[in-house]
Structures are given as structure tokens and as C-alpha cells.
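Examination of the molecular architecture
Listed below are the residues making up each chain.
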Amino acid sequence: QELTLRIGDSFPVGHYIPENMTKFWMERVTELSGGEVAFDYYPAEQLGKAKDLLSLTQTGVMDIGYVGASYVSDKLPLSSVAELPENFTTSCKGTKAFWEIAKPGGALDQAEFAPNGVRVLLVMVLPPYQVLTSNSEITDLDSLRNLKLRTTGGAKEIATTKIGAVPVQISAPETRDALSRGTIDGVLFPHSSVLPYDIHPLLKYGTQDVNFGSFVVTYVISQERWEALDEDVQAALVQAGDEAITKGCEAADNLDLKDKQTIADSGVTFVSLPDEDKARLGELMGEVSQQWASDLDARGRPGTDILNAFRAALEKAD
Amino acid sequence: MMQSQPPANGASALLARIESVLALLSGLSLGAIMLIVVADVAMRYVFAAPLSWSYNLIGLYLMVAVFFFALSDTLHNHGHIAIDIFQHQIPHRPRHLALAVGYLLSSGLMALIGWQAWLRLKSAYLNDDRIAAVIPWPTWVAYFIVAAGCLVMTLRCVYRTFGHAASGLTGRDLVETPPPPETEPQAGEGAE
Amino acid sequence: MTIALVLLALVVMLVIGLPVALAMAVSGAIGLYIFGGLPVLSGILRTSPLSTANSYEIITIPMFILMAEFVIISGVANDLFRSATIWVGRIKGGVAMATALAGAGFGAISGSSTAAAATLASTSIPAMMKEGYEPKLAGGVVAISGTLAMLIPPSIALILYGILADISISALLIAGVIPGLIVTVAIIATIAILVWLWPESAPAGRAYTMREKFASLKRVGPMILLFFAVTGTIYTGIATPTEASGIGAFVAMLLAIKEGRLSLPAFSGALRRAAQTSCMILFIILGAHIFGYYFTLARVTNDLTTWVGGLPLSPMTIMVFILLGYIVLGFIMDQIAILILTVPVVLPLVISLGFDPIWFGVIIVVTAEVGMVTPPLGMNVFVVARYTRRPLGELFRGVMPHVWAHLLVIALLTAFPAIILWLPSTMQ
Ligand code: NA
Ligand code: NA
């Protein structure tokens with residue numbers, strides 16, 4: 001007999017994350033369960049906005065939902081830990097470390113996911129965000145001072161302020177206009193977002209090998225739904241999850257390199273900051289994470305504990 | 001387009017007074033959005049220092065207030081578009097009784113929306129949920145606006161349920177209805 | 001079975017005159033309840049109402065509505081019609097043609113067709129009646145000219161489409177300019193043909209001196225200022241649509257103050273009416289969302305797209321059927337509700353057939369204009385009926401020639417998509 005699970009996310013049709021991770025996972029689950037499990041897939045916010053998918057999964061409108069940590073920062077503030085500018089420059093390193101703490105039984109699961117009644121099935125931490133500018137030449141850390149940068153989310157705003165730049169909030173579809181008319185001097189973007197928004201013709205310089213923050217993708221199932229599944233189905237979901245997470249982050253890193261090359265080919269110069277600036281940046285970004293953690297501590301959430309757990313997992317992930 | 005609807009009775013007048021207060025808040029939120037957007041652009045162009053709080057303040061609270069605080073006032077003043085062309089060709093009693101059923105279902109719907117907002121309000125308030133931004137705005141305020149707006153809207157729908165039911169049963173007009181689309185002199189001729 | 005029941009509930013509630021938003025929300029909720037019981041229904045109702053409102057991008061809609069309110073208070077909208085009358089008054093049917101020009105001009109500062117029709121009706125209908133125009137002709141011209149507001153930027157319909165389709169709102173708004181001018185020309189040409197066929201329907205024109213002509217332009221200056229504050233800044237990229245909408249409302253407010261017409265009651269009245277109109281639109285969006293989630297969960301959306309995509313027809317044939325479907329929907333449904341209900345379903349199909357999403361947005365807005373003036377639900381005709389105190393049947397007949405002209409324009413824009421796509425392609 002067949003079991004059909006409803007799964008939904010907010011990625012546009014054809015986006016690399018569902019193409020490389022989610023769909024692969026669904027196929028593997030169907031395979032591993034001997035065809036017992038099938039999926040009804042609802043992409044592109046068909047069942048609700050990105051910020052609502054956690055709630056829709058908790059209430060059973062869908063069985064499995066995409067949860068972007070920064071969309072639900074009110075409910076899952078600690079999950080943004082991997083969006084901090086920490087010591088990783090690839091998706092796979094960040095993803096492995098985050099999975100270590102977010103998987104059922106991990107520190108983050110116990111602190112946040114389990115209390116919210118959900119269980120993490122899939123994770124991806126995007127390749128770190130870089131500064132990309134339209135005209136201002138990037139040479140060293142000081143050359144980023146006073147630039148108006150399109151930034152999203154709390155920690156990235158603090159990071160932007162730390163390097164002396166000005167964070168500006170602009171919706172993604174309006175970014176291109178803002179860049180072309182000089183309202184902003186640049187963006188804090190992952191490479192994979194540059195091409196879809198078609199901003200590479202407007203860009204001239206970009207940073208590389210540094211981390212100004214990232215973005216956390218998870219797919220969760222409600223605990224209630226999970227417990228109603230047969231053990232062999234649960235096992236299929238877990239095994240397919242491990243495989244899909246690895247495949248997903250590798251695809252993200254490959255695409256990052258490929259997109260970076262395309263962007264470079266369109267005339268963007270990628271700059272490595274001088275070594276002493278990198279060290280200084282590391283210190284500044286460390287302060288961002290400390291501030292994030294102590295703000296949460298002050299509100300009675302274990303910010304420092306989770307940050308330390310993530311840092312420990314990063315050490316191990318190499 | 002929208003006219004001011006005189007209340008048909010005391011219950012409606014009391015509700016209308018509450019609705020006016022909420023509508024004032026809705027209008028003020030609208031005016032505030034305009035001023036904040038202009039100030040934001042001015043600060044960005046002139047001082048290179050955009051307002052860091054405008055985006056979230058508008059998206060999280062002010063737009064929510066514009067919508068939910070105007071909901072019931074708009075219904076009372078017949079501002080929510082309805083197809084009023086067949087309406088007057090349906091005999092008085094079945095039309096009012098059908099509308100009573102429609103508003104009964106609407107009452108249930110609005111109550112359910114308000115109830116869900118109340119549950120979120122409680123949970124967000126108790127957990128002190130805040131968004132991650134330079135100003136960590138609490139989220140319960142938004143849920144409060146939804147719950148308050150839906151409460152008044154539910155009461156208005158309940159009032160309409162009883163009003164239409166009474167109109168249908170008595171054969172008289174005991175509830176506010178929108179002005180007919182036809183004009184008086186040629187009221188006989190409908191649309192083809 | 002459930003789907004038929006839900007559709008029946010929707011139709012019944014619409015016919016008895018329940019607000020469109022409530023009719024859609026309630027029938028969608030019935031469907032969700034049958035589909036997944038209370039958990040699914042309350043799960044959707046927990047999130048979608050708040051999410052309908054809490055977005056920054058959506059402020060373009062209330063801001064453009066507020067701008068139109070302030071413009072109407074300032075009184076300069078009326079001057080636009082007077083100036084147009086003076087310029088084309090000499091031609092037979094000139095005042096009717098001036099109404100079309102004023103409709104285009106008013107469309108350039110208002111995003112809402114019904115607001116434009118109301119303003120035009122209050123100024124140009126008395127003028128035409130006084131000069132001896134046939135009421136059928138006068139009412140028809142006003143009703144159709146009002147629809148220009150939803151095509152010429154700023155357009156609430158195009159903004160909504162842009163938000164639904166997740167494409168550049170700037171490009172969409174700019175794409176509406178040339179089709180807007182073509183429709184204006186089509187309305188004027190239709191009037192010329194009508195007064196040629198039935199000379200008794202319009203009086204002879206009246207000439208004005210050049211001095212009167214240029215003097216009349218003085219009062220149009222503020223409108224041009226406003227047009228550049230909005231469309232100009234969007235085209236050049238100086239402002240994003242959200243910024244342009246807020247600035248537009250602010251400039252219109254200054255204009256009303258400068259004209260000495262913005263008393264405190266007028267100001268609070270403008271805010272309240274703008275809040276009510278915005279609320280009406282957002283409530284329809286919410287109703288359509290709830291209804292749409294039911295359709296999505298019941299897989300109607302998916303099955304329909306798959307079915308149409310699999311038909312052995314050429315893309316253009318399918319497009320013709322899609323546009324016919326829009327025209328038929330426009331007979332009975334509110335235009336905003338149609339957009340919100342259909343775009344998420346139809347757009348993926350349209351893109352997969354190889355059509356440009358910007359082109360499609362403009363085309364369905366031109367199609368929606370037709371719906372504004374066709375019976376039984378033709379909002380603009382209702383508005384005109386309230387001002388003219390004329391029977392609806394007569395007005396619907398009066399607007400019919402313009403409907404045919406509109407269909408020709410739609411055919412033209414479908415045959416030559418470049419007419420729509422050229423201007424946005426020249427943006428930076
Ligand atoms: Na317009
Ligand atoms: Na119609």
C-alpha cells in the first residue's frame with residue numbers, strides 16, 4: 001500500500017536546492033521504501049509564504065516543510081547560528097557542522113526543533129555570502145568602509161556595520177534597480193543569487209575566501225507525523241536524508257565555483273583580502289557572533305551554548 | 001465610491017463607533033507609511049543613512065494595521081466589493097435568508113481566524129518571540145492587531161447574520177444593505 | 001464531487017450579494033474542511049490572513065490609492081479634462097475625445113479604474129450632457145476611458161500581477177505605457193466612427209483660441225509633475241516602485257495643500273477612504289488565497305495545467321483560448337479576484353508555452369479592462385450609472401463599440417508582442 005506525503009517549499013521551480021537535494025531525497029525515499037512512499041510536491045510557495053511553512057508543517061497542512069532559519073527567526077532564533085560569519089568558506093563544511101547539531105538528538109534539536117514539535121530531515125548551509133560592488137574598487141578591508149550594501153537579516157546587518165559599511169534593506173526583486181541607480185554601492189549575496197537576479201552586468205568587484213554570513217535551509221517533519229510512520233519508512237527517510245545532505249552541499253559548492261567563474265567572465269574582479277586584513281576581519285566577525293549569542297542569552301535562550309556547539313562541530317568538520 | 005452608512009439600530013451604531021476608532025488607526029498607519037517611506041528615501045539620498053527600522057516597522061505592524069483595522073469598517077460601509085446585480089432580482093425573503101446563512105458562515109470563518117491569531121499572540125507573548133533585526137521587534141503586536149480586527153469583524157458578521165435572518169423572517173428591511181446599482185427613475189430596467 | 005460543491009457554494013454566495021472576498025474565503029474554507037478537516041483549515045487560517053498584509057512590497061497598492069485620493073482633493077484632475085476639451089473641442093465629438101485623453105492623463109496618476117471612472121463621470125458627463133451629447137455615447141466613453149488607469153502606470157492590477165508572478169514591477173509598469181496610448185487612440189477612433197455613423201449623437205465642436213489653449217496648460221503642470229514623480233522616476237530607475245508610490249502620495253498631498261484644499265476633515269477622509277479601498281483589495285487577495293490553497297491541495301491547479309499542456313494544439317491556439325477564458329470570467333467576476341485566482345495557475349503554463357511573462361501581464365490587464373465594462377458585473381458602468389442616473393442597459397449598450405475596439409487591440413498586441421516589450425527593454 002502506498003503512503004503519500006505532502007512536501008512544500010518556497011523555491012521557484014528549477015531552483016538548484018530542490019533540484020539537487022529535495023528531489024533527489026524524494027526519489028531515494030521512494031526507492032528505499034520499495035515504492036511504498038510517494039510525494040505530492042508543492043514548490044514556489046504554493047501552500048504558503050516562506051515564513052509560514054514552519055507553522056503549516058506544525059499544523060499538518062503539509063507533512064514536510066522547508067524552513068529557512070532567518071524567515072522564522074522569531075520562532076527558531078538559534079537555528080541562525082550557521083548564518084553567522086563563522087570559520088567556514090564552503091557549503092559542505094558549514095552544512096556538516098550544522099547537521100551535527102541540528103540532527104535529532106543534537107544540541108540545536110534539543111534546544112529548538114524538538115520543543116517546536118518538529119524534526120529535521122534535511123539541511124543545507126549555503127556557501128558564504130560575499131561583498132559584491134558595482135563601482136567601488138575592493139582592495140582591502142578599509143575599501144569596504146561607507147559602502148551602502150544590500151543586506152538581509154540581523155546578523156548580516158551587524159556584520160555590515162562592523163566593517164564600517166551601511167546596511168540597506170531592499171527586497172530581492174528591487175535590488176537590481178537599486179544597484180543600477182546607485183542607491184546601493186553593492187550587495188551581500190551568495191554567488192548563486194547573482195545570476196538569477198541578473199545583477200552581474202552591473203558588478204565590478206567581489207570578495208572571496210571570506211565569510212560575511214550565510215543562509216540555513218532545513219526541511220522538517222512534525223514530530224506527530226513522524227511518530228505515525230512505520231519504522232522502515234522512518235529508516236528510509238533518515239538514510240535518504242544523509243545521502244541527500246551530502247549530495248546537496250557538494251552541488252552547492254560546485255555551482256558556487258561555476259557561478260563565480262561566470263560572474264568573473266562577465267568582468268567582475270574577485271579580490272582576496274590581504275592576510276592581516278583577513279585576521280582582522282576574523283576578529284570583527286567573531287564579535288558579531290558574540291553579540292548574537294549574548295543578545296539571545298539575555299532573552300533566556302542558550303545562544304552561547306549553541307554557538308560553542310557549532311564552533312566545536314566546525315572544528316570536527318574539516 | 002464608498003459612502004457613509006447610517007447604522008440601522010443601536011447595536012449597529014455601537015459597533016460602528018468601535019469601527020470608526022479602528023478605522024482611524026488604520027488611516028493613521030497609512031499616513032505613517034507614507035511619511036516613513038519619504039523620510040527613508042530622504043535619509044538615504046541626503047545623509048546616506050537610511051532608516052534601519054522602516055522596513056520591518058511597515059511590513060510587520062503598519063500594513064497589518066491598515067488591513068485588519070479597516071476590515072469591519074469597510075464591511076459596514078459596503079466597501080467590500082459584492083456582485084449586487086442579481087441581488088435585487090431575488091425575492092426579499094430568500095435573499096435575506098441566504099445572506100443570513102452566508103454571514104453565519106462568514107462569522108465562523110472570521111472567528112476562526114481571530115482565534116488562531118489569539119493562540120499565536122499568547123504563544124508569542126509568553127515566549128517573548130522577536131524577529132532577528134537591529135531592532136528586535138516583538139511579533140505579538142502583529143497577532144494582536146489581527147485578533148482585534150477579526151473580533152470586531154466577527155461581531156459585525158454576527159450582527160448581519162441576525163439582521164438578515166430577521167429581515168427574511170419578517171419580510172421587512174432590518175439591516176443595512178448596499179445602495180442598488182440602478183438609479184431610481186429607471187429602476188425597472190436591469191442589465192441585459 | 002467536492003470541487004463541484006465548492007464551486008456551487010462560491011457561485012451561490014456571489015449571486016446573493018455576499019462580498020466577493022467573503023464568498024471566496026468561505027467557499028475555500030468549506031473545501032479545505034472537507035479536504036483535511038479542522039487541522040488543515042485552521043492551519044491555513046492561522047497563517048494566510050497575516051501573510052496577506054505583512055509585506056513591505058505591498059505598500060505600493062495603498063500608496064497609489066492614497067495618491068489618487070489627494071489628487072482628487074486637489075482638484076487638478078478636473079482641470080485636465082478642461083484643458084483636453086479646449087485642445088480638441090473643435091472636432092465633432094471633441095468633448096468625448098477629450099474624455100479619453102483625460103482618462104489617459106488621470107490614468108497616469110491613479111492606479112484604480114473605478115476611481116478614474118468616478119472622477120471622469122463627475123466632470124465630463126455633465127459637460128457632455130450640457131453640450132447635447134447622447135447619454136449612451138457619453139456614458140460609454142467615460143466607462144471605457146476610466147479603464148485606462150489600470151493599464152497606464154501606475155497600475156494596481158500590474159503591481160499585483162508583478163507580486164504574484166515575482167517579476168520586475170518596474171518593467172511591468174513601463175510595459176503598460178505604449179499599450180495604454182494605443183488603447184487611448186482606439187477609444188478616440190471609435191468615437192470618430194460613431195459620430196460619423198450617427199451624427200445626431202454628438203453636437204458640432206467649438207473652437208478655442210491658441211491663447212485659451214496655452215492658458216489651459218498652466219493648470220496641467222501639476223499633473224505632469226506628478227506623472228514624472230512616479231512613472232519618470234520608475235523608468236529612469238531613480239526610484240523603485242515602492243519608493244515612487246510613497247513619494248507620489250506625498251507629492252500629491254503637497255499639491256492638495258498648495259491648492260488650499262487639504263482641510264483636516266478632507267485629509268482624514270482621504271486616509272480613511274484609501275484605507276478602506278486598500279482593505280477591500282487585500283481582503284479579496286486573502287479570499288483568493290484561501291480559495292487557491294484549496295484548489296492547490298485538491299490538485300486541481302496541477303491537473304489542469306498538465307491537461308492543457310498536453311493538448312495537441314499550438315501555443316497560439318491555447319493562448320487564444322486562455323484570453324477567451326479571461327474575457328468570459330470578466331463578465332461575472334471582479335478583475336482583481338480574477339488576477340489573483342488565475343495567475344498562479346495560468347502563468348507557469350503560459351511560460352512553458354514560450355510566452356513572455358511581462359507581455360502576458362499586460363495582455364491580461366487589457367483583457368481585464370474589457371471585463372470592467374461588460375455585463376453583468378462591469379464596475380465602471382456601475383460607477384457611471386450612479387453619476388448619470390441612466391439605466392444600466394443603456395450604458396452597457398453605449399460601451400459595446402469600445403469593447404469591439406478593445407478586442408482588436410488585444411489581437412494586435414497578441415500578434416505583435418514587441419509593441420509591449422520594446423519600451424521595458426530600453427530600461428537600464
Ligand atoms: Na494608472
Ligand atoms: Na464584466
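Just so you know, these numbers come straight off a predicted model, no measurement behind them.

Here we take up the coordination of the sodium ion (ligand 2). All names here are of chain C. Every protein donor of the sodium ion (ligand 2) is listed here as Gly330 (O), Phe331 (O), Gly371 (O), Thr374 (O), Thr374 (OG1) and Leu377 (O), and their distances to the metal cover 2.3 to 3.1 Å. Geometry at the sodium ion (ligand 2) is irregular, judged from the six donor atoms that bind it and their angles of 73 to 158° at the metal. Mapping the donors of the sodium ion (ligand 2) onto the primary sequence gives the spacing G-F-x39-G-x2-T-x2-L. Highlighted residues: Gly330 in helix H16 (residues 315-332) and Gly371 in helix H18 (residues 357-371), separated in sequence by 41 residues. Across the pair, exposure class does not vary: Gly330 and Gly371 are buried alike.

All right, on to a nonpolar patch on the surface then. A surface patch of nonpolar side chains, amounting to about 460 Å² of accessible area, comprises Leu313(C), Met316(C), Val320(C), Phe321(C) and Leu324(C). Along the polypeptide, Val320(C) turns up in helix H16.

Once that is clear, we can look at the pairing of strand E3 (residues 64-68) of chain A. Residues and elements named next belong to chain A. Burial runs high along E3: five of the five residues are buried. Residues of E3 alternate between two faces, with Ile64, Tyr66 and Gly68 on one and Gly65 and Val67 on the opposite face, all of them buried. Pairing between E3 and strand E10 (residues 216-222): five bridges, direction antiparallel. By the bridge assignment for E10, Gly65 is matched with Val220.

What follows concerns the UniProt feature "domain: TRAP C4-dicarboxylate transport system permease DctM subunit" (unreviewed entry) in chain C. Per the UniProt record, "domain: TRAP C4-dicarboxylate transport system permease DctM subunit" (unreviewed entry) is annotated on residues 8-419 of chain C. Measuring from the first to the last C-alpha atom of residues 8-419 of chain C gives 40 Å, for a span that is 80% helix and 0% strand.

Let us now look at the interface of chain B and chain C. Contact residues are listed per partner, giving 71 residues for chain B and 69 residues for chain C. With both chains or domains summed, chain B and chain C bury close to 6,400 Å², and 73% of this area falls on carbon and sulfur atoms. Close ionic contact of Asp73(B) with Arg272(C) constitutes a salt bridge, the shortest N to O distance being 2.7 Å. Elements that contribute at least two residues to the side of chain B that touches chain C include exactly helix H1 (10-47), helix H2 (54-68), helix H3 (71-76), helix H4 (92-127) and helix H5 (140-170) of chain B.

Counting residues at the interface gives 24 residues for chain C, matched by 22 residues for chain A. Of the roughly 2,000 Å² buried between chain C and chain A, counting both surfaces, carbon and sulfur atoms make up 48%. In this assembly, chain C and chain A are joined by one salt bridge. Notably, a salt bridge pairs Arg299(C) with Asp40(A), separated by 3.3 Å at the nearest N-O pair. Where chain C meets chain A, there are four residue pairs in polar contact (both at pLDDT 80 or more). At the level of elements, helix H2 (20-53), helix H13 (241-258) and helix H14 (264-297) of chain C are the ones that each hand at least two residues to the side of chain C that touches chain A. Counting residues per element, the side of chain C that touches chain A draws most heavily on H2(C), at eight residues. Split into classes, the residues belonging to the side of chain C that touches chain A amount to nine nonpolar, ten polar and five charged.

Calculation criteria
Residues numbered from 1 in each chain as written. Chains lettered and ligands numbered in written order. Predicted model: local features only at pLDDT ≥ 70, side-chain atom pairs only at ≥ 80, totals over all residues. Heavy atoms only, no water. Donors = N, O, S within 2.8 Å, 3.2 Å for Na, K, Ca; no water. Tetrahedral: all angles 85-135°; square planar, octahedral: opposite > 155°, others 65-115°. Helix = DSSP H or I, 4+ residues; strand = E, 2+ residues; numbered from the N terminus. Buried < 20%, exposed > 50% of the residue type's maximum accessible area, 1.4 Å probe, protein only. Patch = residues over 30% accessible without salt bridge, like charges linked within 9 Å, V, L, I, M, F, W, Y side chains within 5 Å. Areas by Shrake-Rupley, 256 points an atom, 1.4 Å probe, with all protein chains shown as cover. Salt bridge = Lys/Arg side-chain N within 4 Å of Asp/Glu carboxyl O. Pairing = 2+ DSSP bridges. UniProt positions renumbered as here; feature names shortened; annotations may be inferred. Contact = heavy atoms within 4.5 Å. Buried area = accessible area lost by both parts, 1.4 Å probe. Polar contact = N/O pair within 3.5 Å; in protein donor to acceptor, adjacent residues only side chain to side chain. Nonpolar A, V, L, I, M, F, W, Y, C, P; charged D, E, K, R; others polar.

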